[in-house]
Amino acid sequence: MYERMLAGDPYIADDPRLVELSTAAALVTEQYNATSVTEPALRRRLLSQLLGSLGEEVVIRPPFHVDYGRFISIGDRTFANFGLMVLDVAPVRIGADVQIGTNVQLLTPTHPLEPGPRRDKWEGAAPITIADNVWLGGGVIVGPGVTIGENTVVGAGAVVTRDLPANVVAVGMPARPVKDLPADPDGGWSRMAVEG
């Protein structure tokens, strides 16, 4: 079942290796979530132990929750506010300079629509990719198989069920682009109530 999960095939999460990996991740996240704001070096060490890849100057404010951790990669200077949940049954790639609001959920798992296989605990997953310089507002939910393009802003409370292109503002349930973002060569900025 472990190999099936890694291959992206349907699987049942009762493989002893999966239980071991999940338990190890839960123990590290318990430690991480108990750290003090005055312990940045300890937080960095625990995140490095937990995650598959961790860029420089990454900040994740506890509480932080994962399935396995090892299937998550995070680029340089990314910031995640309180309450990030990443269910990394499939790979989750978060780029550099990403801003993640409070209580964001990145959810790779899927379950069968058919009642029999679902009752028998079969599941699957599809990867999530968040490109560089994306801003996810508070409470955003990103579903399995979604890619969000570079510089895109996703408004608070949006549910992202399909890919979003680069350089747009997207809102709603399901999230859809409502505005193109102009090129910004001079570093200027405009305000938008995304965080909520």
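Refer to the preceding data block for the structure.
Below is a summary of the structure that appears in this document. (Residues numbered from 1 in each chain as written. Predicted model: local features only at pLDDT ≥ 70, side-chain atom pairs only at ≥ 80, totals over all residues. Heavy atoms only, no water.)

**Comments concerning the overall build of the protein**
No. 1: Scanning the protein from terminus to terminus reveals 4 helices and 20 strands.
No. 2: Taking 2.2 N^0.38 as the reference for a compact globule, 196 residues should give roughly 16 Å; the C-alpha atoms of the protein span a radius of gyration of 17 Å, in line with that estimate.
No. 3: With respect to the principal axes defined by its C-alpha atoms, the protein has extents near 55 × 45 × 25 Å.
No. 4: Residue burial in the protein is summarised as follows: out of 196 residues, 40% are buried.
No. 5: If you take every contact in the protein between residues at least 6 apart in sequence, the share linking residues at least 24 apart comes to 27%.
No. 6: A total of about 10,300 Å² of accessible surface is found on the protein, and carbon and sulfur atoms cover 55% of it.
No. 7: Once the 16 positive and 23 negative side-chain charges of the protein are each reduced to a mean point, those two points are 4 Å apart. (Helix = DSSP H or I, 4+ residues; strand = E, 2+ residues; numbered from the N terminus. Rg over C-alpha atoms; globule rule 2.2 N^0.38 Å. Buried < 20%, exposed > 50% of the residue type's maximum accessible area, 1.4 Å probe, protein only. Contact = heavy atoms within 4.5 Å. Areas by Shrake-Rupley, 256 points an atom, 1.4 Å probe, with all protein chains shown as cover. Lys, Arg positive; Asp, Glu negative; His and termini not counted. Charge placed at Lys NZ, Arg CZ, Asp CG, Glu CD.)

**Remarks on the layout of surface pockets**
No. 1: Considering only enclosed or pocket space, the second largest pocket measures out at about 200 Å³ in volume.
No. 2: Lining the second largest pocket are Tyr32, Val37, Pro40, Arg43, Arg44, Leu47, Leu54, Val58, Val59, Ile60 and Arg61.
No. 3: Class assignment of the residues belonging to the lining of the second largest pocket gives a composition of 8 nonpolar, no polar and 3 charged. (1 Å grid on protein atoms, 1.4 Å probe; cavity = no way out; pocket = protein on both sides within 12 Å on 5 of 7 lines; lining within 4 Å. Points joined across faces, edges and corners; volume = space filled by probe spheres on them. Nonpolar A, V, L, I, M, F, W, Y, C, P; charged D, E, K, R; others polar.)

**Looking at the packing of helix α2 (residues 16–33) against helix α3 (residues 40–50)**
Angle between the axes and distance between the axes: these two values describe a pair of packed helices.
No. 1: Here α2 crosses α3 at 165°, and the two axes come no closer than 10 Å. Taken as axis vectors, α2 and α3 run roughly antiparallel relative to one another. Crossing angle aside, the handedness with which α2 passes α3 is left-handed. Contact with α2, carried on its side by Ala25, Val28, Thr29, Gln31 and Tyr32, involves Arg43, Leu46, Leu47, Gln49 and Leu50 of α3 and no other residues of that element.
No. 2: Of the residues that constitute the contact of α2 with α3, the class distribution is 6 nonpolar, 3 polar and 1 charged. (Axes fitted to C-alpha atoms, helices over the stretch in contact; angles between N-to-C directions. Parallel < 35°, antiparallel > 145°, perpendicular 65-115°, else oblique. Left-handed = near helix turned anticlockwise from the far one by under 90°.)

**Remarks on the pairing of strand β12 (residues 122–125)**
No. 1: Direction of pairing for strand β1 (residues 11–12) relative to β12: antiparallel, over a ladder of 2 bridges. Note that in β12 the partner of Ile12 across the bridge is Trp122.
No. 2: Strand direction decides the pairing type here: strand β11 (residues 109–110) and β12, joined by 2 bridges, are antiparallel. Across the sheet, Pro109 pairs through a bridge with Ala125, a residue of β12. (Pairing = 2+ DSSP bridges.)

**Notes on unusual backbone geometry**
No. 1: For the peptide bond that leads from Pro62 to Pro63, omega is 5°, which places it in the cis range.
No. 2: Inspection of the secondary structure puts Pro63 in the loop between β3 (59–60) and β4 (64–66).
No. 3: Note that the residue after Met173, namely Pro174, is joined by a cis bond; omega there is 0°.
No. 4: Structurally, the position occupied by Pro174 is in the loop between β19 (168–171) and β20 (176–180).
No. 5: Positive phi values are uncommon outside glycine, yet Arg77 reaches one of about 60°.
No. 6: Although it is not a glycine, Lys121 sits at a positive phi angle of roughly 75°.

**Some words on α2**
No. 1: The end-to-end C-alpha separation of α2 is 25 Å, in line with the 26 Å expected for 18 residues at 1.5 Å each.
No. 2: Every buried residue belonging to α2 is among Leu18, Leu21, Ala25, Val28, Thr29 and Tyr32, and all of these are buried. On an axial view of α2, the arc spanned by its buried residues comes to 100°, and they lie on one face. Away from its buried face by more than 90 degrees, α2 exposes Pro16, Glu20 and Glu30.
No. 3: Looking at the packing, one finds that the buried side of α2 touches α1 (2–7), β1, α3, β3 and β4.
No. 4: The N-capping residue of α2, defined by a side-chain oxygen 2.8 Å from the backbone nitrogen of Arg17, is Asp15. (Expected span 1.5 Å × (residues − 1). Arc of directions from axis to C-beta. Polar contact = N/O pair within 3.5 Å; in protein donor to acceptor, adjacent residues only side chain to side chain.)

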